[in-house]
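# Residue-level structural notes
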Amino acid sequence: MGAGITGNIAVLTGAGISKESGLDTFRDADGLWSKVSLEDYATPEGFARDPVKVQAFYNERRRGMAGGNIRPNAAHEALAKLEAEWPGEVVVITQNIDDLHGRAGTKNLIHMHGELFKVRCDACKAVSERRGDVAVDEVCGECGAAGAMRPHVVWFGEMPFDMDRIYEALDACELFMSIGTSGNVYPAAGFVQHVRFKGGIHSVELNLEPSEGASQFAETVYGPATEVVPEYVERLLSGR
Ligand code: APR
């Protein structure tokens, strides 16, 4: 149980926390990787093979998310409340490229797999906000290179962002919460092992069903994120 915890909290989130906002997960039966090929759409090699196809895929996802129907849910909101009311530091480390944590009010947020609403120039590495489509032959406003713009997301085989900051937050926490992630993708899947090895850190998995790493958590709570996350946050805030 979370009772007695007063120190910092590190929260890892995955696609499951955004499922009830209307966004597909990746590995559930109706998940994204059952519909499209991960090798084609989520690797640097796939992008090099067919940039037109890959840009169109991310343009479509960007449009879908910007459409106005996708909103933060009670789980995103509960984590924002936790950050606002908790006496220690709360950091949310998300694997999600959606903007729902930020829109719910989470401020101490690390997008380790990048952000759908950002693009990066591969030539000069400049990162910029982007709500609309990216054209394959687009010219970079910073360096003038043509055709070097790509989604600012981390593909398989690439290094996630902010790993130093993430391990600092994990080392400094008293509670590690993992929410809505299947535990298939490293390095995120290894965070529970990291905190266990460090010792003195309570770990809890909140997920619809046991993840790959479920047995490594000290505590597990199963159910939809919009139910189990607000409940767990209320318990923490009331010291139960
Ligand atoms: N509430 C809580 N958990 C849920 C819900 C829900 N409503 N719906 C689904 N889940 C759980 C599933 O049971 C599953 O364990 O969320 C998890 C989603 O797992 P994945 O689809 O594998 O997503 P994730 O773990 O975030 O994937 C990691 O893989 O392809 C990449 O870059 C992509 O960041 C992503 C990474």
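It should be noted that the structure appears before, not after, this text.
Residues numbered from 1 in each chain as written. Predicted model: local features only at pLDDT ≥ 70, side-chain atom pairs only at ≥ 80, totals over all residues. Heavy atoms only, no water.

### Some remarks on the pattern of salt bridges
- Scanning the model with the defined rule gives 14 salt bridges in all.
- One network of salt bridges, in which partners are shared, links Asp40, Arg49 and Lys53. (Salt bridge = Lys/Arg side-chain N within 4 Å of Asp/Glu carboxyl O.)

### Points about helix H4 (residues 51-66)
- With 16 residues, H4 ought to run about 22 Å at 1.5 Å a step, and its terminal C-alpha atoms sit 22 Å apart, in line with that.
- Within the span of H4, buried status applies to Val54, Gln55, Phe57, Tyr58, Asn59, Arg62 and Met65.
- Summarising the contacts, the buried residues of H4 are in contact with helix H1 (32-35), helix H2 (38-41), helix H3 (44-49), helix H6 (100-104), strand S4 (114-121) and strand S6 (149-153).
- Directly after H4, the chain includes Gly68, whose backbone phi takes a positive value near 105°. (Helix = DSSP H or I, 4+ residues; strand = E, 2+ residues; numbered from the N terminus. Expected span 1.5 Å × (residues − 1). Buried < 20%, exposed > 50% of the residue type's maximum accessible area, 1.4 Å probe, protein only. Contact = heavy atoms within 4.5 Å.)

### Some remarks on the packing of helix H7 (residues 163-171) against helix H8 (residues 191-198)
- Closest axis-to-axis distance for the H7/H8 pair is 10 Å, and the angle between their directions is 45°. Taken as axis vectors, H7 and H8 run oblique relative to one another. When you trace H7 past H8, the crossing you get is right-handed. Along the contact surface, H7 presents Met163, Ile166, Tyr167, Leu170 and Asp171, while H8 presents Phe191, His194, Val195 and Lys198. (Axes fitted to C-alpha atoms, helices over the stretch in contact; angles between N-to-C directions. Parallel < 35°, antiparallel > 145°, perpendicular 65-115°, else oblique. Left-handed = near helix turned anticlockwise from the far one by under 90°.)

### Looking at the site of the ligand
- Neighbouring the ligand are 23 residues, the closest being Phe26, Arg27, Trp33, Thr181 and Ser182.
- The contact in question runs from an oxygen atom of the ligand to an N or O atom on the backbone of Arg27, over 2.7 Å.
- Residue composition of the shell around the ligand, by class: 8 nonpolar, 10 polar and 5 charged. (Near = heavy atom within 4 Å. Polar contact = N/O pair within 3.5 Å; in protein donor to acceptor, adjacent residues only side chain to side chain. Nonpolar A, V, L, I, M, F, W, Y, C, P; charged D, E, K, R; others polar.)

### A word on the packing of aromatic side chains
- In this structure the tally under the stated criterion is 7 aromatic pairs.
- Pairing Tyr167 with Phe191 gives two aromatic rings, centres 5.7 Å apart and planes at 80°, and the pair type is edge-to-face. Here the residue Tyr167 occupies a position in helix H7, and Phe191 occupies one in helix H8, the gap between them amounting to 24 residues.
- Residue class for Tyr167 comes out partly exposed when judged on its relative accessible area of 27%.
- Geometrically, the ring pair formed by Phe176 and Phe217 is stacked, given 6.3 Å between the ring centres and 10° between the ring planes. Placement of the pair is Phe176 in strand S7 (residues 175-179) and Phe217 in the loop between strand S8 (202-207) and strand S9 (219-222), with a sequence separation of 41 residues.
- A residue is classified by how much of its surface remains accessible, and Phe176, at 1% relative accessible area, is buried.
- The buried category is assigned to Phe217, whose relative accessible area is 10%.
- Among the aromatic side chains, those forming a connected cluster through ring pairs are Tyr41, Phe47, Phe57, Tyr58 and Trp155.
- Its guanidinium or amino end placed over the ring of Phe117, Arg131 lies 3.8 Å from that ring's centre, counting from NZ or CZ. (Phe/Tyr/Trp six-rings, centres within 6.5 Å; stacked < 30°, edge-to-face > 60°. Lys NZ or Arg CZ within 6 Å of the ring centre and 35° of its normal.)

### Focus on the nonpolar core
- Membership of the largest hydrophobic core comes to 24 residues, with the highest contact counts inside it found for Ile9, Met177 and Val229.
- Elements supplying a minimum of two residues to this core: strand S1 (9-13), helix H5 (74-85), strand S2 (90-94), S7, S8 and helix H9 (225-237).
- Here the element with the most residues in this core is H9; it accounts for 6 residues.
- Of all hydrophobic cores here, the second largest spans 18 residues; its members include Leu12, Val91, Met163 and Ile201. (Core = buried A, V, L, I, M, F, W, Y, C linked by side-chain atoms within 4.5 Å.)

### Observations regarding the packing of H5 against H9
- With their axes 8 Å apart at the nearest point, H5 and H9 run at an angle of 15° to one another. Looking at the two axes, H5 sits roughly parallel to H9. When the axes of H5 and H9 are compared, the crossing they make is left-handed. Across the interface between the two elements, Ala74, Ala75, Ala78, Leu79, Lys81, Leu82 and Glu85 of H5 pack against Ala225, Thr226, Val229, Pro230, Val233, Glu234, Leu236 and Leu237 of H9.
- For the contact of H5 with H9, the per-class residue count stands at 11 nonpolar, 1 polar and 3 charged.

In short, shape yes, function no, at least from these values alone.
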